[in-house]
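Below are the chains, spelled out letter by letter.
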Amino acid sequence: MALSREQWGSRLAVIAAVAGSAIGLGNLLRFPAKVVANGGGAFMIPYFVSFLLLGLPLMWIEWTIGRYGGGFGHGTAPGIFHSLARKNRFVKYFGVIGIFGPLVIFIYYTYIESWTLAYSFFALCGKYAALGDHASMQAFLRGYQGLESNGHFDGIGWAYLFFVVTFACNIGVIYYGIRGGIGRLCRFAFPLLFIFGFILVGRVFTLGAPSAGHPEWHVLNGLGFMWNPDFAALKSAKVWLEAAGQIFFTLSVGIGVILTYASYLSKSDDVVLSGLTASGANELAEVILGGSLVIPAAFVFFGPVEMKSVAQSGTFNLGFVTMPLVLNQVPYGALTGFLWFMLLFLAGITSSVSLAQPAIAFMEDEFDIGRGKAVGIFGAVSFVLCQPCIFLLGKGIVDEMDFWGGTFFLVVFATIEVVLFAWVFGMEKAWDEIHHGADMALPRFYKWIIKYVTPLFLFFILGTWVWQEWRPIIAMEKVTAECRPYVFTTRLALVGLFGVLAVLVKLAWRRRRLSGKEAA
Amino acid sequence: MTPLGWTMLGVSWCLIIALNVFCIVKMLRANETDQRQTAPARRKRAQTGPALKA
């Protein structure tokens, strides 16, 4: 290690950073839609079971192996996996997923994040204040995205401007490092996110029944629309898989970000209580804020019949079409709209900076490149890679990247992590490592859960996905003929990117061998 | 909102609030212990972690 590694300024900073990375658009938009579609309040039973058997064990594993690898000067999955299984020369190549996934997500996520910044600005300016139905708000969004030229926008200029501002904010934060940049941002953004969230929840709960002639469209019935349980749904395997998937994505496990953040801990730092606290904060944002905002607010203006199609219209429609319409109708709509989109922006930026960190840590740790230069290289490469997502939106590129980088490889990576940790590194050693410097002991049954239940759960999810989705995805059966060339090119580009990262890992280890840091 | 709906909402909220309160209390206690302990005792705890039952 030519360069000394940074450390977090305080325990609160790392917890805020991990929780901030986990809290994103999924907490506020994806979760309520999933609850409505999967048995209402009954969904919380498989949700909490998955939290205990899948989410928490993976959280503790990532914190522990991150801290362990950081002790050897590695901040990314290739080096961390190599530290766990030194005898195996190939294990480090599995770790490529831990750089590939975050980089791919960062490429499209930053653009989506920039929409939230733009909409918070539009809310304050009243640019969409006159729009009163789904069709016109949908046209506003499509015009902004450059998908059509209409009375609202005549090009992609505004979207590109806000993208550049958002991208620059991300690069600026990352440039100042773990302690001065990411740590400082999260310490400021994390409490602000909860303050904005609770103000909005207070506003929603005091809406009453604002639609004249529809006293039954009351906010309490809106909560009932979401929380009234349908226990028959629990007989469906799909509901259990959806709950496991939601827990997986909401906690940001399997991406490779948490282990990079944890690599900046010192050997004596606690991981058990810190991991539990970060998970608890994420659940607070998801179940209490996410479960109280979008659905009840939309219900009081659209009623139960229209709500069914609204809830099924997807995350982006809920966030960028339904919510602006709802907020247009409440008193002080400009301010409330600003708070809503700023809440989404804060949730977005604390996630996107975390997605950039693995690639930068890889350059710093394995090639001894200084922070400034590493951030410069990352900024230049990722800026170029973002362009197709902006100019070819609607051609299936973002969906393709989201499937491989943000869905499939997450489960693969988590499966590799848990097998390496519990079975290759060894459960006894793993158990001691988890408790190194810990402020509390885990219940002993978690030893059994981490060794058997979590891997089996993951193999089951992976197996089911492959069984149900393999053929349609590989054959691009759900892709339109117009989008197929774009999707196919994206797929080739992703294979190329993965290959380049694998070659870089090989070069890094050759460099380590030549410099005597690694045995041949 | 049916009584069962209230129950599911109430139980979910209570579990999550309890988890967060538990974490905050544990952290405050850990900080207090850290401040009270002497430097060698802190180092020892950092090396061994909590007393694990065999």
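## A look at a nonpolar patch on the surface
A surface patch of nonpolar side chains, amounting to about 380 Å² of accessible area, comprises Ile45(A), Val49(A), Phe231(A), Trp240(A) and Leu4(B). If you trace the backbone, Val49(A) turns up in helix H3 (residues 44-70).

## Focus on the confidence of the model for chain A
Chain-level pLDDT for chain A is 91 on average; 99% of the residues reach the 70-or-more range. When pLDDT is averaged over each element of chain A, helix H8 (residues 157-175) of chain A comes out on top at 97 and helix H14 (residues 294-311) of chain A at the bottom at 85.

## A word on the packing of aromatic side chains
All names here are of chain A. One pass over the structure, following the stated rule, counts 58 aromatic pairs over all chains. Each ring, one from Phe-362 and one from Phe-367, has its centre 5.7 Å from the other, and the planes form 80°; the classification is edge-to-face. An identical accessibility class is assigned to Phe-362 and Phe-367; each is buried. Directly above the aromatic system of Phe-72 lies the positively charged group of Arg-86, at a separation of 4.9 Å from the ring centroid. We note Lys-451 situated over the ring of Trp-423; from NZ or CZ to the ring centre the distance is 4.8 Å.

## A short note on a positive patch on the surface
Taken together, the side chains of Arg89(A), Lys506(A), Arg510(A) and Arg513(A) make up a positively charged region of the molecular surface. For Arg513(A), the position within the fold is in helix H21 (residues 484-514).

## Overview of the layout of surface pockets
Each pocket or cavity is described by its volume, and for the second largest pocket that value is around 480 Å³. Every residue lining the second largest pocket is counted, 20 residues in all, and those nearest its centre are Leu12(A), Ile15(A), Phe190(A), Thr277(A) and Ile24(B). Those elements giving two or more residues to the lining of the second largest pocket turn out to be helix H1 (11-22), helix H9 (177-205) and helix H13 (272-290) of chain A together with helix H1 (3-36) of chain B. The residue makeup of the lining of the second largest pocket, split by class, is 15 nonpolar, 3 polar and 2 charged.

## As for the packing of H1(A) against H13(A)
Residues and elements named next belong to chain A. Where H1 meets H13, the closest approach of the two axes is 9 Å, and the angle between their N-to-C directions is 45°. Classified by the angle between their axes, H1 and H13 sit oblique to one another. Taken as a pair, H1 and H13 cross one another with a handedness that is right-handed. Within the contact between the two elements, H1 uses Arg-11, Ile-15, Val-18, Ala-19 and Ala-22 and H13 uses Leu-273, Ser-274, Thr-277, Ala-278, Ala-281 and Asn-282. Class assignment of the residues belonging to the contact of H1 with H13 gives a composition of 7 nonpolar, 3 polar and 1 charged.

Conventions used here
- Residues numbered from 1 in each chain as written.
- Chains lettered and ligands numbered in written order.
- Predicted model: local features only at pLDDT ≥ 70, side-chain atom pairs only at ≥ 80, totals over all residues.
- Heavy atoms only, no water.
- Patch = residues over 30% accessible without salt bridge, like charges linked within 9 Å, V, L, I, M, F, W, Y side chains within 5 Å.
- Areas by Shrake-Rupley, 256 points an atom, 1.4 Å probe, with all protein chains shown as cover.
- Salt bridge = Lys/Arg side-chain N within 4 Å of Asp/Glu carboxyl O.
- Helix = DSSP H or I, 4+ residues; strand = E, 2+ residues; numbered from the N terminus.
- pLDDT = per-residue confidence, 0-100.
- Phe/Tyr/Trp six-rings, centres within 6.5 Å; stacked < 30°, edge-to-face > 60°.
- Buried < 20%, exposed > 50% of the residue type's maximum accessible area, 1.4 Å probe, protein only.
- Lys NZ or Arg CZ within 6 Å of the ring centre and 35° of its normal.
- Lys, Arg positive; Asp, Glu negative; His and termini not counted.
- Charge placed at Lys NZ, Arg CZ, Asp CG, Glu CD.
- 1 Å grid on protein atoms, 1.4 Å probe; cavity = no way out; pocket = protein on both sides within 12 Å on 5 of 7 lines; lining within 4 Å.
- Points joined across faces, edges and corners; volume = space filled by probe spheres on them.
- Nonpolar A, V, L, I, M, F, W, Y, C, P; charged D, E, K, R; others polar.
- Axes fitted to C-alpha atoms, helices over the stretch in contact; angles between N-to-C directions.
- Parallel < 35°, antiparallel > 145°, perpendicular 65-115°, else oblique.
- Left-handed = near helix turned anticlockwise from the far one by under 90°.
- Contact = heavy atoms within 4.5 Å.

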